[in-house]
Amino acid sequence: MSKVEEFEDLRSLLFSIAYRILGSVSEAEDAVQETWLRFDASATRPASTKAFLSTTVTRLSIDVLRSARVRREEYVGPWFPEPLLDDPYTDPARSVELADSVSMAALLLLERLSPLERSVFVLREVFAFGFDEVATAVGRSEAACRQLLVRARQHMAAGQPRFQADREERRELATRFLDAMKDGDVGGLQQLLAADVQLVGDGGGKAPQLARAITGAENVARLLASVFPQLLRIGVTSEPHDVNGEPGAIVRTPDGKVLHVLAFEMLDGRIRTIRSVVNPDKLAHLGPVADAWAINREIRKTRRASR
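Just so it is clear, the model here is predicted, and its values are computed rather than measured. (Residues numbered from 1 in each chain as written. Predicted model: local features only at pLDDT ≥ 70, side-chain atom pairs only at ≥ 80, totals over all residues. Heavy atoms only, no water.)

Overview of a positive patch on the surface
Link 1 in the chain: Residues Arg300, Lys301, Arg303 and Arg304 make up a contiguous surface patch of positive charge.
Link 2 in the chain: With respect to the helices, strands and loops of the structure, Arg303 is situated in helix α12 (residues 292-305).
Link 3 in the chain: The exposure class of Arg303 is partly exposed, given its relative accessible area of 35%. (Patch = residues over 30% accessible without salt bridge, like charges linked within 9 Å, V, L, I, M, F, W, Y side chains within 5 Å. Areas by Shrake-Rupley, 256 points an atom, 1.4 Å probe, with all protein chains shown as cover. Salt bridge = Lys/Arg side-chain N within 4 Å of Asp/Glu carboxyl O. Lys, Arg positive; Asp, Glu negative; His and termini not counted. Charge placed at Lys NZ, Arg CZ, Asp CG, Glu CD. Helix = DSSP H or I, 4+ residues; strand = E, 2+ residues; numbered from the N terminus. Buried < 20%, exposed > 50% of the residue type's maximum accessible area, 1.4 Å probe, protein only.)

Now the structure itself:
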């Protein structure tokens, strides 16, 4: 195989590793591209192309994550990962691990880990790399990597949900929720929400966003039932779509531009967290992005006209 063919054969794996370490589609794509440039510039062929490329993309991702930590501390409002609609890497033997590790909830748990802990956890727990491979990738001894993994597992286990319904049940719940939201059905929404549900938005200061998280089934239901029908009246639509391996939706303006993405976290047959990603920087990889400020002004104009 040529270098290009070897690289392309592993591209999806490299992206999936980088995305889980970084929580950013754009940064993961940049890390994969830089990995290719280093591979292409190498005068010799490595004994294991997979080991070389995995090590390179992991170390690049660790470096990027360390600098990103500073930016995230200064971020305006809650920070969420960039939504991923489709994970390019598949492995039937590890489908559960892959799906669980890419959810918004899991990626936010990974944010609690140090860059090294996060990388070790991703390589070992998600992709089943041997400890020798993990040690090479992060530049630490196998013993140190085992200790890093123990700490990472403890952090992750503390925040994982107790039980999740199967995928079809979750999709059916999401469909019922979106229908009730379109209808402005407060009671119907409340029945689908956990009592302590949270609605949280990530605008990054670059789009209209909630001043704070909205908590409680009644509060969230009333807000959604009042806002979403107004969006429908100006032609905004919601398109059901898996987001980070969980049911969610893409909200689009009449011209098809992405307004925001909804990601649902579910537990015991109820929606317990609704995350809305509105920051245009985090939506650009999904296609043309709408001007959320303009949509906000249009809704206000429509509301005044109806009084």
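Things to note about helix α7 (residues 131-138)
Link 1 in the chain: Taken residue by residue, α7 has Phe131, Val134, Ala135, Ala137 and Val138 as its buried positions. Projected onto a plane normal to the axis of α7, the buried residues spread over an arc of 165° and lie on a single side.
Link 2 in the chain: Of the residues flanking the end of α7, it is Gly139, one or two places downstream, whose phi is positive at about 70°. (Arc of directions from axis to C-beta.)

Considerations on the sheet that holds strand β6 (residues 270-277)
Link 1 in the chain: Ordered in space as β2-β1-β6-β5-β4-β3, the six strands form an open sheet in which the pairing is mixed. Each edge of the open sheet carries a strand with a single partner, namely β2 (214-215) and β3 (237-243).
Link 2 in the chain: Both strand β4 (residues 246-252) and strand β5 (residues 258-267) contribute to a ladder of five bridges, which runs antiparallel. Residue pairing in the sheet places Val251 in a bridge with His260 of β5.
Link 3 in the chain: Running at roughly 130° to β5, helix α9 (residues 167-183) makes contact with β1 (193-202), β3, β4, β5 and β6 of the sheet.
Link 4 in the chain: On top of the sheet, helix α11 (residues 217-233) reaches β1, β2, β3, β4, β5 and β6; it is set at about 50° to β1, its chief contact. (Pairing = 2+ DSSP bridges. Contact = heavy atoms within 4.5 Å. Axes fitted to C-alpha atoms, helices over the stretch in contact; angles between N-to-C directions.)

Things to note about the pattern of salt bridges
Link 1 in the chain: Throughout the structure, instances matching the rule amount to 21 salt bridges.
Link 2 in the chain: Measuring nitrogen to oxygen at the nearest pair gives 3.9 Å for the salt bridge that ties Glu27 to Arg72. Taken as a pair, Glu27 in helix α2 (residues 25-41) and Arg72 in helix α3 (residues 49-73) lie far apart in primary sequence, 45 residues in all. Arg72 matches Glu27 in its accessibility class, with the two residues each being buried.

Some points on the nonpolar core
Link 1 in the chain: The biggest cluster of nonpolar side chains holds 45 residues, and the ones touching the most others in it are Ile17, Tyr19 and Phe127.
Link 2 in the chain: Among the elements of the structure, α1 (3-22), α2, α3, α4 (95-102), α5 (104-110), α6 (115-126), α7 and α8 (142-159) are those that each provide at least two residues to this core.
Link 3 in the chain: By residue number, the principal contributor to this core is α1, which donates ten residues.
Link 4 in the chain: Apart from residues lying up to four places away in sequence, Phe127 is in contact with Leu13, Ser16, Ile17, Arg20, Tyr89, Arg94, Leu98 and Val122. (Core = buried A, V, L, I, M, F, W, Y, C linked by side-chain atoms within 4.5 Å.)

Comments concerning α9
Link 1 in the chain: The terminal C-alpha atoms of α9, which comprises 17 residues, lie 25 Å apart, in line with the 24 Å expected from a rise of 1.5 Å per residue.
Link 2 in the chain: Burial in α9 covers these residues: Arg170, Leu173, Ala174, Phe177, Leu178, Ala180 and Met181. One face of α9 carries all of its buried residues, which in axial projection span an arc of 165°. Exposed side of α9, more than 90 degrees from the buried face: Glu168 and Asp183 are the residues found there.
Link 3 in the chain: N-capping of α9 is provided by Asp166, with a side-chain oxygen placed 3.2 Å from the backbone N of Glu168. (Expected span 1.5 Å × (residues − 1). Polar contact = N/O pair within 3.5 Å; in protein donor to acceptor, adjacent residues only side chain to side chain.)

Side note on the layout of surface pockets
Link 1 in the chain: Its volume calculated, the largest pocket comes out at about 730 Å³.
Link 2 in the chain: As for the largest pocket, its lining consists of 25 residues, and the residues nearest its centre are Pro208, Leu210, Val227, His260 and Asn296.
Link 3 in the chain: When residues of the lining of the largest pocket are traced back to their parent elements, those giving at least two are β1, α11, β5, β6 and α12. (1 Å grid on protein atoms, 1.4 Å probe; cavity = no way out; pocket = protein on both sides within 12 Å on 5 of 7 lines; lining within 4 Å. Points joined across faces, edges and corners; volume = space filled by probe spheres on them.)

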